[in-house]
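Residue-level structure breakdown
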Amino acid sequence: MSEVKLAAETRTEFGKGAARRIRRDSKVPVVLYGHGSDPLHLTLPGHDLLLALRTPNVLISLEIDGKTNELAIPKSVQRDPIKGFLEHVDLLLVKRGEKVTVEVPVHAEGELAAGGNLLEHVLNALPVEAEATHIPEAVTVSVEGLEAGASVLAKDIKLPKGTTLAVEEDAVVLQVLAAQAEEAPEGEAAEGEEVAEA
């Protein structure tokens, strides 16, 4: 798992106007929660944070005001719905060796059995518990040769050492659906048939 170092500054201004000024300076307002401590209001460099958040469950090493070093993982990310820039991020304070519950993306590999079957991701991300500094970036599942009606359950997924499921073992993660034949829209006759007039 990758660890990204970012320089953070504590902030004393709050509200929409302050948040706008922070974003105008290419920074992002951030709140750091966890371990029973009071929430810490910070600003982080926008571009660096955006790059870091491309990795799911990235471990962020924060150097706060040039002195305090804290580890955190993203908890909530708010983006502008149109332009996509970061508006606000909540980070969860973690410690080395501590177990955390996170959602890890599920990737499928391999070809389904012939016949135009479709793969449905019932869970796009698998809830797992892992050590904060060893969170897997993703889990990969082989769907090679699976037929319609087949399912992959949470307990069927091989997890990295030290990672355990945080969901029911029998939870369906992936399932294979039979391709549906297209039906002719109502009122249109199938080829070679005439529509009876009333």
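Here we come to the pattern of salt bridges. Scanning all chains against the criterion turns up 2 salt bridges. Notably, a salt bridge pairs K27 with E9, separated by 3.3 Å at the nearest N-O pair. Linking K27 in strand β2 (residues 27–33) with E9 in strand β1 (residues 3–10), this pair joins segments that are 18 residues apart in sequence. Assessed through its relative accessible area of 29%, K27 is described here as partly exposed.

Before going further, it helps to spend a moment on helix α1 (residues 16–24). Burial in α1 covers these residues: A18, A19 and I22. Down the axis, α1 shows its buried residues gathered within 100° of arc, on one side only. Turned more than 90 degrees off the buried face of α1, the exposed positions are K16 and R24. As for α1, its buried residues are in contact with β2 and β3 (40–45).

Okay, the sheet that holds strand β7 (residues 99–109) next. Across the sheet, 4 strands lie side by side as β10-β7-β9-β12; this open sheet has mixed pairing. Every interior strand has two partners, whereas the edge strands, β10 (139–142) and β12 (164–165), have only one. As paired strands, strand β9 (residues 125–131) and β12 are joined by 2 bridges and run antiparallel to one another. Considered in β12, the bridge of E129 is made with T164.

Summarising burial for β9: 5 of the 7 residues are buried, a large majority. By the bridge criterion, 7 bridges tie β7 to β9 in an arrangement that is antiparallel. What sits directly across from P105, in β9, is A125.

Moving on, we get to the nonpolar core. Residues L126 and I157 are the most contacted members of the largest nonpolar core, which totals 23 residues. For this core, the secondary structure elements donating two or more residues are β5 (68–79), β7, β9, β10 and β13 (172–177). Examining the composition of this core, we find that 4 residues originate from one element, β7, more than from any other. Among residues more than four places away in sequence, those in contact with I157 are L126, V139, V141, V152 and V173. Ranked by size, the runner-up nonpolar core spans 18 residues in total, among them V30, I64, A72 and L86.

Basis of the calculations
- Residues numbered from 1 in each chain as written.
- Predicted model: local features only at pLDDT ≥ 70, side-chain atom pairs only at ≥ 80, totals over all residues.
- Heavy atoms only, no water.
- Salt bridge = Lys/Arg side-chain N within 4 Å of Asp/Glu carboxyl O.
- Helix = DSSP H or I, 4+ residues; strand = E, 2+ residues; numbered from the N terminus.
- Buried < 20%, exposed > 50% of the residue type's maximum accessible area, 1.4 Å probe, protein only.
- Arc of directions from axis to C-beta.
- Contact = heavy atoms within 4.5 Å.
- Pairing = 2+ DSSP bridges.
- Core = buried A, V, L, I, M, F, W, Y, C linked by side-chain atoms within 4.5 Å.

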